[in-house]
Amino acid sequence: MAMRWKTTLAAAALAVSLLRPGDLAACDRCADFDFLCCDIPADNLYVLTSFSGEGMACGGTADGTWYYSTSWVRWYCDARLAVTNPDTGECVVVQVADAGPADWVEENAGMPIIDASPLVCGDLFDSGSCGWSDMFIVHAVQVPDDTPLGPGGCPAARVCETVVAASGETIIDDTDACFTKGCRESSGAWWDVGAGYGGDAVFTYGIDAAEGDCWGRWELKFEAAGNYDVSVHVPDTADKTQGASYEITHAGATDAAPLDQSSTSGWAVLGPFAFDTAGGQIQLTDRTGEAVSLRKKVVFDAVRLAPAVPTPDETAETAEPVPDEAELPDGTDAGPETLPETADVPDAAGDARYDGGSDPGDDDGGLSDNALEGGCACSFPPPP
Ligand SMILES: [Ca+2]
């Protein structure tokens, strides 16, 4: 927090000269600065602009000789971003070193802006400088703080390629490139759980604040529009939060799905949600309403999506077998598309029932368990 306030003062001195009073809010402004936009867009797309010839809020000078960028209010000083031209795939890694731009600049552009070294313009768009009216669109995501700057760092930057299938289940783990995480103010606020789907998960501590600081996001792309059951995996570990709230952005709406992680281990169903092919997002932040001194863990692990099965008669008349459905979403679907997933080692090993004791070589674990629970594993041919 000391760093934050130190940089805050410098940023205020820099940005106040750009402030044009009277502009209306169109971005999600920071709690502390009503002239800076804090929101990170779900599609991670920004307009690229360039600047040089001035001091920067995090220290150092924007002299156009290295890979610097805004904005520390969206990330933090010295965070690193992989900035990609989505049309060409060309990418450079930049270091967050400055504030801004002021909100009215982003409103003029109609999009969030990353203001960066002219080097970025040159590498990605063969241009000596970039203004917002050029509308050079870039995709930017946070990468580890030790990622090398410039073009050489980009192999470490991964692209989200997982697409939610129109049938069967699709799992996006915290190790997938479609999961990203970061913090607006804190640095190094992530730890490994040492358990979870696939044997891994990460956590940060919950806070009691008006806005979240650290966040994790699962980016969702869809093969087909429709209703999908959304589940999240919660690793078995101590001192989890009671106040997790997943925000599901889908088909133009955002709904909150609260979950008491402290009483959950394994898959938890958040509900069915309607998605379109424009994509969606699941976000979880550290805003749990619990004092950070309580050290309650907010855990980030896998999410699972599967097309919701339309059974209007059953849902109206029968009791809900929630636990069974949570464990076996494909239990009634023994079609060919189920077999590869069930026989897939990471799926079986990562199931909640195998946390902490999975045997990666035990291909049959998921199959026999399905059979015991009344699934359709008996119809599967023996694994090769
Ligand atoms: Ca995991």
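Residues numbered from 1 in each chain as written. Predicted model: local features only at pLDDT ≥ 70, side-chain atom pairs only at ≥ 80, totals over all residues.

Trainee: What's the story with the overall build of the protein chain in this structure? I'm lost.
Mentor: Along the backbone of the protein chain there are 8 helices and 20 strands. Every one of the 384 residues in the protein chain was classed for burial, and the buried ones make up 42%. Nonlocal contacts in the protein chain, meaning residues at least 24 apart in sequence, comprise 74% of its contacts between residues at least 6 apart. (Helix = DSSP H or I, 4+ residues; strand = E, 2+ residues; numbered from the N terminus. Buried ≥ 20, exposed ≤ 12 C-beta atoms within 10 Å, placed from the backbone. Contact = placed C-beta atoms within 7 Å.)

Trainee: So what exactly am I meant to see when it comes to the sheet that holds strand β15 (residues 244–250) here?
Mentor: Pairing between sheet strands relies on hydrogen bonds along the backbone, with the strands arranged either parallel or antiparallel. If you trace the 5 strands from one edge of the open sheet to the other, you get β10-β13-β18-β15-β16, paired in antiparallel fashion. Looking at the sheet topology across the chains shown, the edges are occupied by β10 (179–183) and β16 (253–259). Within the sheet, the average angular offset between the axes of one strand and its neighbour, ignoring direction, is 20 degrees. Here β15 pairs with β16 via 7 bridges, running antiparallel. (Pairing = 2+ DSSP bridges. Axes fitted to C-alpha atoms, helices over the stretch in contact; angles between N-to-C directions.)

Trainee: Just checking my understanding: could you explain the pairing of strand β12 (residues 202–205) for this structure?
Mentor: Where a strand is regular, its side chains alternate between the two sheet faces. Burial along β12 is two-sided: the face carrying Val202 and Thr204 and the face carrying Phe203 and Tyr205 are both buried. Examined bridge by bridge, strand β11 (residues 191–192) and β12 share 2 bridges and lie antiparallel to one another. Note that in β12 the partner of aspartate 192 across the bridge is valine 202. Summarising the sheet, β12 and strand β19 (residues 297–300) pair through 4 bridges and their orientation is antiparallel.

Trainee: Please clarify how the environment of threonine 147 should be interpreted in this entry.
Mentor: Its location among the elements puts threonine 147 in the loop between β8 (137–143) and β9 (170–172). Note: C-alpha distance between threonine 147 and leucine 81 (66 residues apart in sequence) is 8.8 Å.

Trainee: When you look at the environment of proline 258 in this model, what are you seeing that I'm missing?
Mentor: Considering the arrangement of structural elements, one finds proline 258 in strand β16. Classification of proline 258 as exposed rests on a count of 11 C-beta atoms within 10 Å. Not counting the four nearest positions on each side in its chain, proline 258 is found in contact with Ala244 and Ser245.

Trainee: For this particular structure, what's the right way to read the nonpolar core?
Mentor: In a soluble, globular protein the nonpolar side chains are often hidden away together inside. In this structure, Leu48, Leu81, Val83 and Val120 are the most contacted members of the largest nonpolar core, which totals 50 residues. Sorting the residues of this core by element identifies β1 (45–50), β5 (80–84), β6 (91–98), β7 (113–116), α3 (118–125), β8 and β13 (214–220) as the ones contributing at least two each. Formed jointly, this core draws a minimum of three residues from each of two domains, domain 1 (2–156) and domain 2 (170–318). With near-sequence residues (within four places) excluded, valine 120 lies in contact with Leu48, Ser50, Tyr67, Val83, Val92 and Val94. Among the nonpolar cores identified, the runner-up in size contains 38 residues, and Cys160, Ala201, Phe222 and Leu284 belong to it. (Core = buried A, V, L, I, M, F, W, Y, C linked by C-beta atoms within 7 Å. Domains from an automatic or database assignment.)

Limitation: the analysis is restricted to geometry and does not speak to function.
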